[in-house]
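Notes for the structure review
So you can see what is in the structure, the chains are spelled out below.
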Amino acid sequence: MRAARQHLPNRRHSIAFTFEFESHRYRATASYFDDGRLAEIFLDTDKAGTPLQLNAETAAILASLCLQHGVDPETIKHSVNGPIAVALDHFTRVEVIS
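A quick note: this is a predicted structure, and the numbers were derived from the prediction, not measured.

**Examining the environment of D35**
- Within the element layout of this structure, D35 appears in the loop between β2 (24-32) and β3 (38-45).
- Residues D35 and V96, 61 residues apart in the sequence, show an inter-C-alpha distance of 9.1 Å.
- Only 2.8 Å separates the side chain of D35 from the side chain of R37, close enough to count as a polar contact.

What follows is the structure, encoded as C-alpha cells:
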C-alpha cells in the first residue's frame with residue numbers, strides 16, 4: 001500500500017534557525033501543516049555549490065517527502081544523523097501557534 005502525499009499550499013509561514021555542526025554553519029527552515037505537524041524542512045550551508053550543500057539539500061528533501069507521506073518525525077530522527085537530525089530535533093520541539 002502506498003501513502004498519498006499531502007501537499008502544502010503555495011504560500012505558507014515558515015520558521016528558521018541557524019546552528020553549527022562539525023564546524024560547519026547551517027540554516028534550517030521548516031513549514032508545518034495546518035494541524036501543527038511538521039511538513040517540510042530546508043537545510044542550507046554557507047558553502048554553496050559544494051558536496052556539503054548538496055548532501056544537506058538531499059537530506060532535507062528526503063525528510064520532507066517522508067513527512068508529506070505521513071512518516072512520523074520521530075521515526076525519521078531515529079533513522080538519520082548529522083545536521084538533518086539536529087534540524088528535525090529542533091523543529092519537533094517547537095510549539096506551533098495557529
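What follows continues from the structure just given.
**Thoughts on the side chain of S31**
- Its location among the elements puts S31 in strand β2.
- One polar contact links the side chain of S31 to the main-chain carbonyl oxygen of H13, over a distance of 3.5 Å.
- Polar contacts involving the side chain of S31 include one to the side chain of S14, which spans 2.8 Å.
- In contact with S31, other than residues within four places in its own chain, are R12, H13, S14, L38, A39 and E40.

**Observations regarding the packing of aromatic side chains**
- Applying the stated criterion to the full structure yields three aromatic pairs.
- Residues F17 and F91 carry aromatic rings whose centres are separated by 5.3 Å and whose planes lie at 80° to one another, so their mutual orientation is edge-to-face. Of the two residues, F17 is situated in strand β1 (residues 14-21) and F91 in helix α3 (residues 83-93); the sequence distance between them amounts to 74 residues. No difference in accessibility class separates F17 from F91, as the two residues are buried.

**Some points on the environment of A30**
- As for its placement among the helices and strands, A30 is situated in strand β2.
- Taking relative accessible area as the criterion, A30 reaches 0% and is therefore assigned buried.
- Taking the C-alpha atoms as reference points, A30 and C66, 36 residues apart in sequence, are found 14 Å from one another.

**Observations concerning α3**
- Within the span of α3, buried status applies to P83, I84, A85, A87, L88 and F91.
- Buried residues in α3 make contact with β1, β2, β3, α1 (51-68) and α2 (73-77).

**Observations regarding the nonpolar core**
- Counting 18 residues, the largest nonpolar core has A28, L38, I41, L43, I84 and F91 as the members making the most contacts within it.
- When residues no more than four places from it in sequence are discounted, the contact partners of L38 are A30, S31, Y32, F33, L67, P73, L88, F91 and T92.

**Digging into the sheet that holds β3**
- Pairing is antiparallel across the open sheet formed by three strands, whose spatial order is β1-β2-β3. Of all the strands in the sheet, just β1 and β3 have a single pairing partner and so form its edges. Averaged over all pairs of adjacent strands, the angle between strand axes in this sheet comes to 25°, irrespective of strand direction.
- The sheet contact formed by β2 and β3 spans seven bridges and is antiparallel. Along β3, the bridge assignment pairs Y26 with T45.
- Where α1 meets the sheet, it contacts β2 and β3, and its direction lies at approximately 180° from that of β3.

Calculation notes
Residues numbered from 1 in each chain as written. Predicted model: local features only at pLDDT ≥ 70, side-chain atom pairs only at ≥ 80, totals over all residues. Heavy atoms only, no water. Helix = DSSP H or I, 4+ residues; strand = E, 2+ residues; numbered from the N terminus. Polar contact = N/O pair within 3.5 Å; in protein donor to acceptor, adjacent residues only side chain to side chain. Contact = heavy atoms within 4.5 Å. Phe/Tyr/Trp six-rings, centres within 6.5 Å; stacked < 30°, edge-to-face > 60°. Buried < 20%, exposed > 50% of the residue type's maximum accessible area, 1.4 Å probe, protein only. Core = buried A, V, L, I, M, F, W, Y, C linked by side-chain atoms within 4.5 Å. Pairing = 2+ DSSP bridges. Axes fitted to C-alpha atoms, helices over the stretch in contact; angles between N-to-C directions.

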